[in-house]
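Understanding the architecture of this molecule
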Amino acid sequence: MANDKKLVEAITSMEEDFAQWYTDVVKKAELIDYSSVKGCMVIKPDGYAIWENIQKELDKRFKETGVQNVYMPMFIPESLLQKEKDHVEGFAPEVAWVTHGGLEPLQERMCVRPTSETLFCDFYARDIHSYRDLPKLYNQWCSVVRWEKTTRPFLRSREFLWQEGHTAHATAEEAEERTIQMLNLYADFCEQVLAMPVIRGRKTDKEKFAGAEATYTIEALMHDGKALQSGTSHNFGDGFAKAFGIQFSDKDNKLKYVHQTSWGMTTRLIGAIIMVHGDNNGLVLPPAIAPTQVVIVPIQQQKAGVLDKAFELKGVLSNFRVKVDDSDKSPGWKFSESEMRGIPVRVEIGPRDIENGQAILVRRDTHEKVTVALSELETKVGELLDEIQANLLERARTHRDAHTYTATTLEEFEKTVEEKPGFVKAMWCGCQECEDKIKELTGATSRCMPFAQEQISDKCVCCGKPATKMVYWGKAY
Ligand SMILES: [Zn+2]
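Keep in mind that what you see is a predicted model, and the values were worked out from it rather than measured.

**Considering the coordination of the zinc ion**
The coordination sphere of the zinc ion, as far as protein atoms go, consists of Cys429 (SG), Cys434 (SG), Cys460 (SG) and Cys463 (SG), spread over 2.3 to 2.4 Å. In this structure, the zinc ion is coordinated by four donor atoms arranged in tetrahedral fashion, with angles at the metal of 105 to 116°. Considered as a linear motif, the donors of the zinc ion on their single chain read C-x4-C-x25-C-x2-C. Here Cys429 matches Cys434 in class, with each residue buried.

Written out as structure tokens, the structure reads:
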């Protein structure tokens, strides 16, 4: 068994060093590899398969609301990027520029898209003429580039994968409705598929998207008590429409500006899954997103009939995503490898089990073992996957709630942030000066003004003036 333990020993414990634990897990679970391209990563098959499942689930939900997929160019001419002032100021520091085509300098340099609002606006200005052309409900799956100085796998890299939805509507009300609809879609997806509870709310003006009228967000709490913004939905009002001249003639024959939204989720979500559910044995994947839901490990597979039985069981479990590990590694090694990779259920089957018409099921989340009759295997595995999915959400919710604090004075706020990593709920007057001061003093930023408001006190935690909002604060990724 000494040899079998090596894989687990290869990761730092999360209590000792959470950042190192994270890095170890993404490497040892073979989700990514580093690359010669600075600040970028190679997403390996097991990591990409998680992304494919995220895509599949999200895409289905988008389409149910009438969204269609399109594809825009990856380059943005500088003049186009500069049309909306706040937008260009927000993105300029992290934009990558293309200055040459082959050996020839370009007449106008182009950036590699950091986000595609400007391209969609340019397109909508040509494509939208009448109220009959509305709404436009488009989404694209692509990668974007932001020249980050410090990078971490999945959480921050110079190129990352995402989806960006861009819609155009006839009225402000319709745009606001769509903005909230997509935020709720994201929140439901996180909770139902990723087993990750989120706080739904609105960003303060300081934290909102460059060029947006309002930004809504879902915020999740990672195992180390840091927050992670997991998806955002923006209402642009008619600001971009005015900058780009996107007008339509309405039913009353008047020329009007459209109202727009955009919303996105990225490969950061994979980082969130790791940091919400993972443990000291590695990754823990919610069954709904796990590329492999069940691994069958044959015991004494060299003995006659064992491998055949393992593959027969794979057939029995064909409603699930199943793999047989028939490699020549020891069973102990296979066990720890399947744990490292976060596979929700392991089925162990050996000569004695075959004789008794049974198998052993081990769940990844609790390590609990049960013996089941082979005749009941399919039912039991299905039940177990559902239980794991529910338990992971429950566990994450309990963890988040246990790490959510309140503060009514600045002193209490500072002490809480310093001693108890997690969310701090505190009242705020609405002034950016207080937001800045809190960040400067504690390192915590305003995560969101939750839809579910509570009255913790009537005074701003920072300045003591009358409070207007309860805000979730926290240190964030
Ligand atoms: Zn204040």
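**What about the nonpolar core?**
Counting residues in each nonpolar core, the largest one holds 54 residues, and the members touching the most others are Ile54, Leu194 and Ile274. The set of elements that each furnish at least two residues to this core consists of helix H2 (18-28), helix H3 (45-64), strand E7 (136-145), helix H7 (172-192), strand E10 (214-221), strand E14 (259-266) and helix H9 (268-277). If we skip the residues at most four places from it in the chain, Ile54 touches Phe189, Leu194, Leu269, Ile270, Ile273 and Ile289. Within the second largest apolar cluster, 26 residues are counted, among which are Val95, Leu134, Ala212 and Ile246.

**Details of the sheet that holds E14**
Strands sit in the order E3-E7-E8-E14-E11-E10-E9-E22-E23-E21-E20 across an open sheet of 11 strands; the sheet is mixed. Across the chains shown, the open sheet's two edge strands, defined by having one partner strand only, are strand E3 (68-69) and strand E20 (404-406). Pairing geometry for strand E8 (residues 159-169) and E14, over eight bridges, is antiparallel. Across the sheet, residue Trp162 finds its bridge partner in E14, namely Thr266. Lying on the sheet, H7 is in contact with E7, E8, strand E9 (199-202), E10, strand E11 (227-237) and E14; it crosses E14 at an angle near 15°.

**Structural notes on H7**
A rise of 1.5 Å per residue sets the reference length of H7, with its 21 residues, at 30 Å; its end C-alpha atoms lie 30 Å apart and thus fit the reference within 8%. Here H7 has its buried residues at Ala175, Arg178, Thr179, Met182, Leu183, Leu185, Tyr186, Ala187, Phe189, Cys190 and Glu191.

**Some thoughts on the domain arrangement of the protein**
As far as domains go, the protein holds domain 1 (18-277), domain 2 (294-387) and domain 3 (404-474). Opposite the 19 residues of domain 1 that make contact, domain 3 presents 15 residues. Looking at the side of domain 1 facing domain 3, the largest losses of area belong to Ile199, Thr204 and Lys206, adding up to 37% of the total buried there. Applying the counting criterion to the domain 1 and domain 3 interface returns two salt bridges. A salt bridge links Glu219 to Arg447, with the nearest nitrogen and oxygen atoms 3.0 Å apart. Here domain 1 is connected to domain 3 by eight residue pairs in polar contact (both at pLDDT 80 or more). For the side of domain 1 that touches domain 3, the elements supplying multiple residues, two or more each, are H7, E9, E10 and E11. In terms of residues, the side of domain 1 that touches domain 3 owes the most to one element, E10, which gives five residues. Across the side of domain 1 that touches domain 3, the residue classes tally to seven nonpolar, five polar and seven charged.

**Focus: the pairing of strand E15 (residues 294-298)**
Look at any regular strand and the pattern is simple: side chains alternate between the two faces of the sheet. Of all five residues making up E15, five are buried, and the element is well covered by its neighbours. By the alternation rule, side chains of E15 split into Val294, Ile296 and Pro298 and Val295 and Val297, which are all buried. With three bridges connecting them, E15 and strand E16 (residues 322-324) associate as parallel partners. Considered in E16, the bridge of Val294 is made with Val322. Regarding topology, helix H10 (residues 306-316) serves as the crossover connection from E15 to the parallel E16, and that connection is right-handed.

**Comments concerning the environment of Val95**
Here Val95 lies in the loop between helix H5 (85-91) and strand E5 (96-101). Spatially, the C-alpha atom of Val95 lies 36 Å from that of Arg132, the residues being 37 residues apart in sequence. Ignoring anything within four residues of it in the chain, the contact list for Val95 reads Leu81, Cys111 and Pro114.

**Examining the pattern of salt bridges**
Across all of its chains, the model carries 33 salt bridges by this definition. The partner of Asp279 in a salt bridge is Arg364, and the shortest N-O contact between them spans 2.6 Å. Placement of the pair is Asp279 in the loop between H9 and E15 and Arg364 in the loop between strand E18 (358-363) and strand E19 (369-373), with a sequence separation of 85 residues. A residue is classified by how much of its surface remains accessible, and Arg364, at 3% relative accessible area, is buried.

**Thoughts on a nonpolar patch on the surface**
Residues Tyr71, Met74 and Phe75 make up a contiguous nonpolar surface patch of about 300 Å² in total accessible area. Within the secondary structure, Phe75 is located in strand E4 (residues 75-77). Here Phe75 falls in the partly exposed class, since its relative accessible area comes to 36%.

**Here's the deal with the packing of aromatic side chains**
Under the criterion given, the structure shown has 17 aromatic pairs. Consider the rings of Tyr124 and Tyr138, whose centres lie 6.0 Å apart with planes at 35°: the pair is tilted. Taken as a pair, Tyr124 in helix H6 (residues 117-127) and Tyr138 in strand E7 lie far apart in primary sequence, 14 residues in all. No difference in accessibility class separates Tyr124 from Tyr138, as the two residues are buried. With 5.2 Å between their ring centres and 80° between their planes, Phe423 and Tyr472 make a pair best called edge-to-face. Here Tyr472 lies in strand E23 (residues 469-474) and Phe423 lies in strand E21 (residues 423-428), a separation of 49 residues in the sequence. Owing to a relative accessible area of 0%, Phe423 belongs among the buried residues under this scheme. By way of ring pairs, the aromatic residues Trp51, Phe62, Trp141, Tyr186 and Trp263 are connected into one cluster. Above the ring of Tyr477, the side-chain terminus of Lys226 is found at 4.7 Å from the ring centroid.

**Some words on the environment of Asn69**
Its location among the elements puts Asn69 in strand E3. With a relative accessible area of 34%, Asn69 lands in the partly exposed category. Distance in space between the C-alpha atoms of Asn69 and Tyr138 is 5.6 Å, their sequence separation being 69 residues. Those residues in contact with Asn69 that lie beyond four places of it in its chain are Asp59, Lys63, Asn139 and Trp141. Separated by 3.0 Å, the side chains of Asn69 and Asp59 make a polar contact. Here the side chain of Asn69 touches Asn139 through a polar contact of 2.9 Å, side chain to side chain.

Reading the values: rules and limits
- Residues numbered from 1 in each chain as written.
- Predicted model: local features only at pLDDT ≥ 70, side-chain atom pairs only at ≥ 80, totals over all residues.
- Heavy atoms only, no water.
- Donors = N, O, S within 2.8 Å, 3.2 Å for Na, K, Ca; no water.
- Tetrahedral: all angles 85-135°; square planar, octahedral: opposite > 155°, others 65-115°.
- Buried < 20%, exposed > 50% of the residue type's maximum accessible area, 1.4 Å probe, protein only.
- Core = buried A, V, L, I, M, F, W, Y, C linked by side-chain atoms within 4.5 Å.
- Helix = DSSP H or I, 4+ residues; strand = E, 2+ residues; numbered from the N terminus.
- Contact = heavy atoms within 4.5 Å.
- Pairing = 2+ DSSP bridges.
- Axes fitted to C-alpha atoms, helices over the stretch in contact; angles between N-to-C directions.
- Expected span 1.5 Å × (residues − 1).
- Domains from an automatic or database assignment.
- Buried area = accessible area lost by both parts, 1.4 Å probe.
- Salt bridge = Lys/Arg side-chain N within 4 Å of Asp/Glu carboxyl O.
- Polar contact = N/O pair within 3.5 Å; in protein donor to acceptor, adjacent residues only side chain to side chain.
- Nonpolar A, V, L, I, M, F, W, Y, C, P; charged D, E, K, R; others polar.
- Right-handed = clockwise from strand over helix to strand, strands pointing away.
- Patch = residues over 30% accessible without salt bridge, like charges linked within 9 Å, V, L, I, M, F, W, Y side chains within 5 Å.
- Areas by Shrake-Rupley, 256 points an atom, 1.4 Å probe, with all protein chains shown as cover.
- Phe/Tyr/Trp six-rings, centres within 6.5 Å; stacked < 30°, edge-to-face > 60°.
- Lys NZ or Arg CZ within 6 Å of the ring centre and 35° of its normal.

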